[in-house]
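What the coordinates show
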Amino acid sequence: MSLLARFTVIGGLSSEQLARKIASRLKARYVGYELRIFPDGEGKITLKAKPTGKIIVVHSIYPPVDSNLVQVLALVSQARKYSSQVYAVIPYMGYARQDREFLPREVVTMSLVAKMFKAAGATRIIVVDIHSMMALRHFCIPAKNATAIGELVKYFRKLHLKDPLVVSPDMGGIERAKSFANLMGTGYIALEKHRDRKTGEVVISSSDNQEVRNRDLILVDDMISTGGSIVKATEHLKRQKCGRVFACCIHALLIGDAEKRIRRAGVTRIISTNTIPGKTGVVDVSPVIARAIS
Ligand code: R5P
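Residues numbered from 1 in each chain as written. Predicted model: local features only at pLDDT ≥ 70, side-chain atom pairs only at ≥ 80, totals over all residues. Heavy atoms only, no water.

1. A closer look at the packing of aromatic side chains
In this structure the tally under the stated criterion is four aromatic pairs. Here the aromatic rings of Tyr155 and Phe156 are separated by 5.9 Å at their centres, their planes lie at 75°, and the arrangement is edge-to-face. What makes Tyr155 partly exposed here is its relative accessible area of 22%. Of the aromatic side chains, those joined through ring pairs into one cluster are Tyr155, Phe156, Phe180 and Phe246. Across the ring face of Phe102, the terminal group of Arg197 is positioned such that the distance to the ring centre comes to 3.8 Å. (Phe/Tyr/Trp six-rings, centres within 6.5 Å; stacked < 30°, edge-to-face > 60°. Buried < 20%, exposed > 50% of the residue type's maximum accessible area, 1.4 Å probe, protein only. Lys NZ or Arg CZ within 6 Å of the ring centre and 35° of its normal.)

2. Let's talk about the domain arrangement of the protein
Taken domain by domain, the protein consists of domain 1 (4-148 + 285-293) and domain 2 (149-274). Once you take the C-alpha centre of each, domain 1 and domain 2 turn out to be 28 Å apart. On the domain 2 side, the residues contacting the 18 residues of domain 1 number 16 residues. For domain 1, the biggest contributors to the area lost against domain 2 are Tyr92, Asp129 and Ala148; these three give 34% of the whole. Where domain 1 touches domain 2, the interface holds one salt bridge. Measuring nitrogen to oxygen at the nearest pair gives 3.8 Å for the salt bridge that ties Glu151 to Arg291. Inspection of the region where domain 1 meets domain 2 yields eight residue pairs in polar contact (both at pLDDT 80 or more). With three residues, helix H9 (residues 286-293) is the largest single contributor of residues to the side of domain 1 that touches domain 2. Taken together, the residues of the side of domain 1 that touches domain 2 break down into 12 nonpolar, two polar and four charged. (Domains from an automatic or database assignment. Contact = heavy atoms within 4.5 Å. Buried area = accessible area lost by both parts, 1.4 Å probe. Salt bridge = Lys/Arg side-chain N within 4 Å of Asp/Glu carboxyl O. Polar contact = N/O pair within 3.5 Å; in protein donor to acceptor, adjacent residues only side chain to side chain. Helix = DSSP H or I, 4+ residues; strand = E, 2+ residues; numbered from the N terminus. Nonpolar A, V, L, I, M, F, W, Y, C, P; charged D, E, K, R; others polar.)

3. What to know about helix H2 (residues 65-79)
In an α-helix, one turn spans 3.6 residues; hence positions three or four apart end up facing the same way. The end-to-end C-alpha separation of H2 is 21 Å, in line with the 21 Å expected for 15 residues at 1.5 Å each. Residues Asn68, Leu69, Gln71, Val72, Leu73, Leu75, Val76 and Ala79 constitute the buried set of H2. Against the buried residues of H2 lie strand S1 (7-11), strand S3 (33-37), strand S4 (43-47), strand S5 (54-58), strand S6 (86-90) and helix H3 (109-120). (Expected span 1.5 Å × (residues − 1).)

4. Let's talk about the side chain of Thr109
Positionally, Thr109 belongs in helix H3. Apart from residues lying up to four places away in sequence, Thr109 is in contact with Tyr95 and Gln98.

5. Topic: the environment of His236
Among the structural elements, His236 can be located in helix H7 (residues 228-239). With relative accessibility at 4%, the residue His236 sits in the buried group. Along the primary structure His236 and Phe117 are separated by 119 residues, whereas in three dimensions their C-alpha atoms are 41 Å apart. Setting aside residues no more than four positions away along its own chain, His236 makes contact with Leu191, Ile204, Ser206, Ser207 and Asn209.

Here it is in structure tokens:
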């Protein structure tokens, strides 16, 4: 690769494989970095080479969320010393669920995170299926949401499911379910979910959903974190005598024993993208990110 490549991709340790794929699609240079953790927990970053051209920093913000956030901000700030154009590609944007004040006096941390990216020197933000467009509106630099729904649908088409139906575990995800179903050429429904804002406990309050009987279901959500939403939705759908349940999401955080609890609830398979590395991440989002960049 020429040293004067049009783009340099700096791959964060949280997204190294995905960043390499994006670099290869863009025919860009790939620059990694070394991270040294001091005894007090501070991290020190050193780039392995000098970046050239437009710089793309790729770094998902999943647990440990705050360390990953500081690392990506440090990389963006360093990149800005070499280029006037620094794109922060955050395939999974942590803190996006804190996009508004749900309860009085709550901090809208997404708004602070957006300001931090600008202060660090990012000139553009690219995310993948961010939790809400409200979260994206906190950025005052150009911000783009690339969607991986089309790539997930390509995967599901190959599974030849029985009379599939797309199901959103909550009303907030109905548009996502609709676009998934339209691309699949199937129908969709959305369940009614209630989450206790203090305890985090999830309850599905939908009445009977006769239309799921004997059908294979694709339960689509933007993310699976503790698995509570998928577990409760699957238990509800199994009571309605549905066929197999496939849990599908863009971002699979799968905290603690989430995977085990989801399988125990009766889910046949969990399928996600590689915005967060892990064994469920079988759908590659590098094509949609490369398209969003170029
Ligand atoms: C909520 O609105 C989101 O779309 C997800 O449904 C939720 O964040 C998943 O979290 P958990 O897996 O902990 O239920």
